[in-house]
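Here is what each chain is made of, one letter per residue.
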Amino acid sequence: MFDSNFLRENNAKFNWHPMGHPADDLENPPPIFVSSSGVKIKDIEGNEVIDAVGGLWNVNLGYSNQKVKDAIIRQLDTLPYYSTFKGSSNDKVIELSYLLKEFFKPEGMARSFFTSGGSDSVDTALRLARQYHKIKGEANRTKFISVKLGYHGTHFGGASVNGNTRFRESYEPLLPGCYHIPSPHTYQNPFNESDPERLSNLCLGSLENEIQFQGSGTVAAFIMEPIQGAGGLIVPPDGFFKKAREICAKYGVLFISDEVITGFGRSGEWTGSRLWDIKPDMMTVAKGITSGYFPYGATLVSEEIAETFENSSKETGAIGHGYTYTGHPVGAAAGIACLEETKRLKLKDNAKARGKQLYEGLCELSKKFDIIGDVRGGKGLMTGLELVSDQSEKTPVDNKTMAQIHQKIYDSGVNVRIAGHKILMSPPLVISSTEIDHMLYAFSEGLSIA
Ligand SMILES: Cc1ncc(COP(=O)(O)O)c(C=O)c1O
């Protein structure tokens with residue numbers, strides 16, 4: 001066994017961190033987590049903190065769900081792997097696909113295509129969207145439209161529809177034929193418009209205009225998160241998602257709801273589509289599907305898309321896409337157990353109640369701390385703070401101050417995620433009221449040092 005000094009010294013020596021600079025990660029080793037319980041994680045120094053990040057927006061059920069752990073162990077003992085590529089299947093993937101069809105009935109999702117995570121699910125959706133139009137005889141529909149500040153993973157398709165320069169620039173050229181409309185983000189937008197309804201109409205106008213400009217017969221799909229997560233926790237104005245869906249339907253553009261974060265209760269509803277009262281053409285899910293206990297995801301499609309593929313010719317409808325781990329039986333067993341637990345524990349209701357408590361608590365703190373430029377959320381356990389050194393100019397707080405605030409919050413018993421000058425929160429959906437109060441105390445301590 002390596003001791004803790006060895007681990008600290010070698011953290012980034014042979015291991016590169018996603019989204020970090022290799023030299024910076026060597027110089028400033030992060031906390032190294034070694035164990036967990038409930039909604040808490042313990043680092044190598046013995047500090048136990050509330051995980052306000054929820055792993056990475058994914059550990060919805062917390063870290064101690066015995067039913068999920070038992071299901072995984074049982075499956076490992078029974079059939080640790082078998083492929084679902086044409087020619088074979090396994091029992092657990094069949095069961096999970098049936099349960100998901102039932103669970104996502106209100107969204108009208110009829111079939112699942114399983115993946116190993118969110119980026120896979122997004123690229124699967126983009127590829128199937130193009131193939132769908134080819135089957136329908138509209139081979140020119142190849143383009144994608146998405147929203148600035150959106151996050152859709154890091155495969156080339158997902159990165160191309162991503163709306164954040166930081167995840168794009170170093171990897172260009174990305175896919176041709178991808179276009180972005182402004183985010184309906186009232187705090188900061190190119191229209192300088194803070195009224196939600198007027199901003200919503202301006203952004204929807206951009207969507208319709210872009211479809212018309214490209215030529216509607218060339219656009220395959222529009223992809224958007226119901227609440228923009230990694231881009232800074234942006235809740236679109238009421239009605240935006242529904243109207244965007246209507247515009248897409250008008251022009252025959254498929255509407256992909258990227259529900260990798262919102263898929264299993266995080267928004268206070270079972271899905272973001274249900275929250276905004278729409279039926280998308282496709283949904284991408286991951287994260288909460290297995291609550292972090294196994295890497296898994298799925299792309300879900302409507303009955304109409306399913307029938308189009310199933311009634312097509314052998315040449316056009318065969319799916320030339322898939323992953324070694326598509327339909328992995330251990331992932332499927334984890335997914336079945338997670339779905340049962342997600343429903344039994346009514347995670348969406350706790351997300352709604354605790355999300356309200358957290359959001360309102362942060363709004364109270366914003367009256368006390370001028371450094372809080374914007375509090376975002378109010379829909380389930382997806383909450384964000386934007387920190388500024390000047391309220392009227394909205395000047396981002398510098399990195400050094402952010403690091404100090406981060407450390408103080410950690411020392412006060414809470415692990416949060418810092419994205420530039422924003423603090424993003426997505427704790428496990430099983431979090432208690434007392435634990436939310438502790439988060440608010442830690443924020444108050446952290447913000448006091450600025
Ligand atoms: C909305 C959304 N889509 C896609 C992804 C990519 O998922 P993964 O990191 O599992 O590939 C993420 C990850 O955070 C996400 O938030």
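Note that the structure is predicted; figures quoted are calculated from it, not measured.

Asker: How should the overall build of the protein be read in this particular structure?
Answerer: Helices and strands together make up the secondary structure of the protein, namely 16 helices and 16 strands. The principal-axis extents of the C-alpha atoms in the protein amount to approximately 65 × 60 × 40 Å. By the burial criterion, 47% of the 450 residues in the protein qualify as buried. Within the protein, contacts between residues at least 6 apart in sequence are counted, and of these 73% link residues at least 24 apart.

Asker: Sorry, what's going on with the environment of Ala-23 here?
Answerer: Looking at where Ala-23 falls in the secondary structure, it is placed in helix H2 (residues 22-27). Residue classification places Ala-23 among the exposed residues on the basis of 9 C-beta atoms within 10 Å. The spatial distance from the C-alpha of Ala-23 to the C-alpha of Ile-449 is 28 Å, given a sequence separation of 426 residues.

Asker: Looking at this model, I keep getting lost on the site of the ligand. Mind explaining?
Answerer: Contacts to the ligand come from 15 residues, most closely from Gly-117, Gly-118, Ser-119, Gly-153 and Val-260. For the shell around the ligand, the leading source of residues is helix H6 (residues 118-135), giving three residues. Each residue belonging to the shell around the ligand can be placed in one class, and the counts come to seven nonpolar, six polar and two charged.

Asker: Quick question: what am I supposed to make of the pairing of strand S7 (residues 219-224) here?
Answerer: Note on strand geometry: in a regular strand, side chains alternate between the two faces of the sheet. Where burial is concerned, most of S7 is hidden: six out of the six residues are buried. As paired strands, strand S5 (residues 143-147) and S7 are joined by three bridges and run parallel to one another. Each bridged residue has a counterpart across the sheet, and for Lys-143 the counterpart in S7 is Val-219. Across four bridges, the pairing between S7 and strand S8 (residues 254-258) is parallel. Paired with Ala-221 across the bridge in S8 is Leu-254. As for the winding sense of the linkage, the β-α-β connection from S7 through helix H9 (residues 240-250) to S8 is right-handed.

The rules behind the values
- Position numbers for residues count from 1 along each chain, tracking the sequence in the order it is written.
- In keeping with the predicted nature of the model, local features appear solely for residues at pLDDT of at least 70, side-chain atom pairs appear and are counted solely at 80 or more, and the whole-chain, interface and lining totals rest on all residues.
- Secondary structure elements are defined from DSSP: runs of H or I of at least 4 residues count as helices, runs of E of at least 2 residues count as strands, and each element is numbered from the N terminus.
- Exposed residues have 12 or fewer other C-beta atoms within 10 Å of their own C-beta, buried residues have 20 or more, and residues in between are partly exposed; the C-beta atoms are placed from the backbone.
- Residues are defined as contacting one another if the C-beta atoms placed from their backbone atoms lie within 7 Å.
- Residues are counted as near a molecule or strand when the C-beta atom, derived from backbone positions, lies within 6 Å of that molecule or strand.
- Gly falls in the polar group here, along with every residue not listed as nonpolar (Ala, Val, Leu, Ile, Met, Phe, Trp, Tyr, Cys, Pro) or charged (Asp, Glu, Lys, Arg).
- Two strands are said to pair when DSSP picks up at least two bridges between them.
- Seen with its strands pointing away from the viewer, a crossover is right-handed if its path from the first strand over the helix to the second goes clockwise.

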